[in-house]
Amino acid sequence: MDVLDLTRLQFAVVTIYHYLFVPLSISLAATAAGLELAWLRTGADKYRQLTRFVGALLIVTFAVGVVTGLVQEFQFGLGWSNFARFYGDVFGPTLAIEGMLAFFLEATFLALWYFGWDRLPRAAHAATIVVVAVGTVLSAFIILAANSFMQNPVAYALDPATGRARLTSLTALLTNEVNLAAFPHTMAGAAMAGGALLLAIGAWRARSAAKSAAGDGAAFGTLARLGAWLTFLGGALTALTGDYLGKVITGVQPMKMAAAEALYATTAGAPFSVFALGGGGDGRPFFSIEVPYLLSVLAKGSPGATVAGIDDLQAQYVAQYGPGSYIPMVPVAFWTFRLMIGIGMLAAGLAAAYLWTGRRGRTPHRLLVRALPVLPLLPAAANTFGWLFTETARQPWLAFGITTVADGLSPGLTRAEVLASLLGFTAVYGVLAVVWLRLVRRLARKPLDPAPAPACAERDTPEPAPVY
Amino acid sequence: MVTFWFALVVLCWVLFFVLEGFDFGVGLLAVFLGRDDHERSAAIRTVGPFWDGNEVWLVAAIGVTFAAFPDWYAALLSGLYLPLVALLLLLAIRGVALEFRGKSDGVRWRRGCDAALAASSAGIALLWGAVLAVLVRGLALGPAGEVTGTGLSRTLGPLLSPAAAAGAAAGLAVAVLLGAAFLALRTTGPLRRRARRVCVATAALLGAGLVAAAAVTGSAGPLVAALPCAGVALLARDRREGAAFTVAALAVAGAVVAVFTVHGDVVLRSTLNPAWSLTLADAAATGSTLRLLTVAGVLILPGVLVYQGFSYWVFRRRVASERVPS
């Protein structure tokens, strides 16, 4: 592999890894906030216990998200300095505002919340976790705006004097139509990720509590149902928002949706292919199972609509941008798109089955309970395939229609450097993953917090140091 | 406008190095000053609620640089590729060691986290010191604004110089000094006594090193820097920990400002050809972006300072290093 491919691989590795933790943080923060508000309203101690239980999971997940997120902010300068030079004016403000606005909020208030249980009045304490939850959502919105710019560049003008892009409107950058469609889709996917984790842990703990007659079964039953609803409703919302996002993308990046379908010829009333086998050098399918008219409905909202095919789009782009291949890796686009949908629906389906078989206090089906350990992996995989699709089917463009990935690379970068950093990231991230998994397993087994200790009200006495 | 944003970038770096400086120091000193698991926990607890918020100043510094000076961001980060990757990995290990430490039972687990925390904190302090020394000297920037060279030595080479070694030593000493002063300020009992002693010794050592550096190089700068060191040593000896910490923090702030402004409006000096150096005017974003950022910055940053101050106020009580019977 040359420097370009290695640097791309590195970007993919560190970004995908970061995004395993981000959706979990978003939904765990929102869940903890919801649980604490429930405790504030009802005073039921199980909500306080569950808030602390979810909070511990949130803290360890958030920590990995933070340290890997820092790498993201540096990446554009490290490996892609030409991109940073050319688009810094447009792209930089999103990163700066995310850092100043959202990241500070999350970091400071999460610490206030975690260490402030006996230091802040109840309502103020609940407010801190609400601020954290809002911060994570703000973060996601601003960063998705930066990504949406690369899918559909808006709010910029090419400066004739410097030859660089110049930001024309921050509002237009943030309200990019791709962002407005991608943001709810991403949030729904995040709800599924956290929901599946809570469902898995809650159902498993409720079941073992029932066996051993431990007292916390009811609380864990609540947690499992909460997780199941999050996963199920998140799944329904991902489908709805995904449908809308698909239509927006068909408008701004027709090649991406054509690649997702392996649709080579422009077709009216195009079918949706559920499964396909490709052969030969060009990746064209020789066998596929198709649902008639579905693709036209998905892409344009009407069964008879004409969907542009890869061949015609390629000819059009050559005329528009000059010679070269503008076709992404079609099998990758085709399969990541299907795996995203299929795996996501499977997760939502399992959650629905859990809710249905466990309705009105019945015991959920034992096969479901046995499937629990793999459940959290499903939304994580679906999210990953979704991002792989979004980013690889954009190739060869870095910012669609203006600059290619090859143009954005740091000019002086050497192969040895990228190999060294790639090895470093792989090794450290690998260790982090193992440690995080071990910790989550251990936290998931911990008994719920006992009744609250009386808050120490004396002022200016030294604070005893509990284990940190 | 350009000067205002340059001042803001430098302010972010100052806050990062001062606030995270004591975090790194505490992470490094906890294993040495804490005699048992309990004392180590107490030491780490002093930065527990703060370190993450402190680290965001790095995020802010880099983000604001990207937005206001895209060319500086591009040249700086790609020009220091390997050192910065190493720093990011060490920061990752440190942050996770801090957060994971108390999340699992068992002394062995915590001992492992303590070791990782101390090693990564020391590595970060050394590396930042070396990187700042390299920034003062400049990089081998070519006409494209990128460091020239081949292989690993392209961006790792500059760190293998005597100046970088001196910078690394200074970075470590400063982190230990700030960490010890902060620990002395935030703990009680034996931990506080030991931290105070380390603070006095480090300040004296650093001051002596600076005087020696002034004698070798014949410049007055290090001599000026030695003055606050003497002040910190005297104040810490008199148990005036608050004052000692304040003086140390102000001195570090001054040093960081000096590093970023030593070449005037040249933000990144080329050692190959002065014409290839990057100036503030070259690096700045367009006026419209800067104006827009100013609105955002003026609205957001004062709020950040207020709520970070609030969190320091909420956790203002000292952490007891003895076991307090409940």
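Residues numbered from 1 in each chain as written. Chains lettered and ligands numbered in written order. Predicted model: local features only at pLDDT ≥ 70, side-chain atom pairs only at ≥ 80, totals over all residues. Heavy atoms only, no water.

Under an unreviewed UniProt entry, chain B has the name Cytochrome bd-I ubiquinol oxidase subunit 2 apoprotein and belongs to Krasilnikovia cinnamomea. The record held by UniProt for chain B lists under Subcellular location (unreviewed entry) the comment "Cell membrane". One UniProt comment on chain B, placed under Sequence similarities (unreviewed entry), says "Belongs to the cytochrome ubiquinol oxidase subunit 2 family." (UniProt positions renumbered as here; feature names shortened; annotations may be inferred.)

By the naming in an unreviewed UniProt entry, chain A goes by Cytochrome d ubiquinol oxidase subunit I and is assigned to Krasilnikovia cinnamomea. Listed under Subcellular location (unreviewed entry) in UniProt, the entry text for chain A is "Cell membrane".

This part is about unusual backbone geometry. The phi angle of most residues is negative, glycine excepted, and most peptide bonds adopt the trans form. Geometrically, the link from Gln395 of chain A to Pro396 of chain A is a cis peptide bond, its omega value of 0 degrees lying close to zero. By the secondary structure assignment, Pro396 of chain A is in the loop between α13 (377-392) and β7 (397-399). Phi is positive for Arg239 of chain B, which is not a glycine, with a value near 65 degrees. With respect to the secondary-structure elements, Arg239 of chain B resides in the loop between α10 (221-237) and α11 (241-261). (Helix = DSSP H or I, 4+ residues; strand = E, 2+ residues; numbered from the N terminus.)

Moving on, we get to a positive patch on the surface. A surface patch of like charges, here positive, comprises Arg438, Arg441, Arg442 and Arg445 of chain A together with Arg108 of chain B. Tallying contributions element by element places helix α15 (residues 415-445) of chain A first for the positive patch, with 4 residues. Inspection of the secondary structure assignment puts Arg438 of chain A in helix α15. Using a relative accessible area of 42% as the deciding quantity, one classes Arg438 of chain A as partly exposed. (Patch = residues over 30% accessible without salt bridge, like charges linked within 9 Å, V, L, I, M, F, W, Y side chains within 5 Å. Areas by Shrake-Rupley, 256 points an atom, 1.4 Å probe, with all protein chains shown as cover. Salt bridge = Lys/Arg side-chain N within 4 Å of Asp/Glu carboxyl O. Lys, Arg positive; Asp, Glu negative; His and termini not counted. Charge placed at Lys NZ, Arg CZ, Asp CG, Glu CD. Buried < 20%, exposed > 50% of the residue type's maximum accessible area, 1.4 Å probe, protein only.)

Among the secondary structure elements, Glu417 of chain A is positioned in helix α15. In terms of polar contacts, Glu417 of chain A uses its side chain to reach the backbone amide nitrogen of Thr414 of chain A, at 3.2 Å. Other than its neighbours up to four places away in sequence, Glu417 of chain A contacts Tyr81, Leu82, Gly151, Leu152, Arg154 and Thr155 of chain B. (Polar contact = N/O pair within 3.5 Å; in protein donor to acceptor, adjacent residues only side chain to side chain. Contact = heavy atoms within 4.5 Å.)

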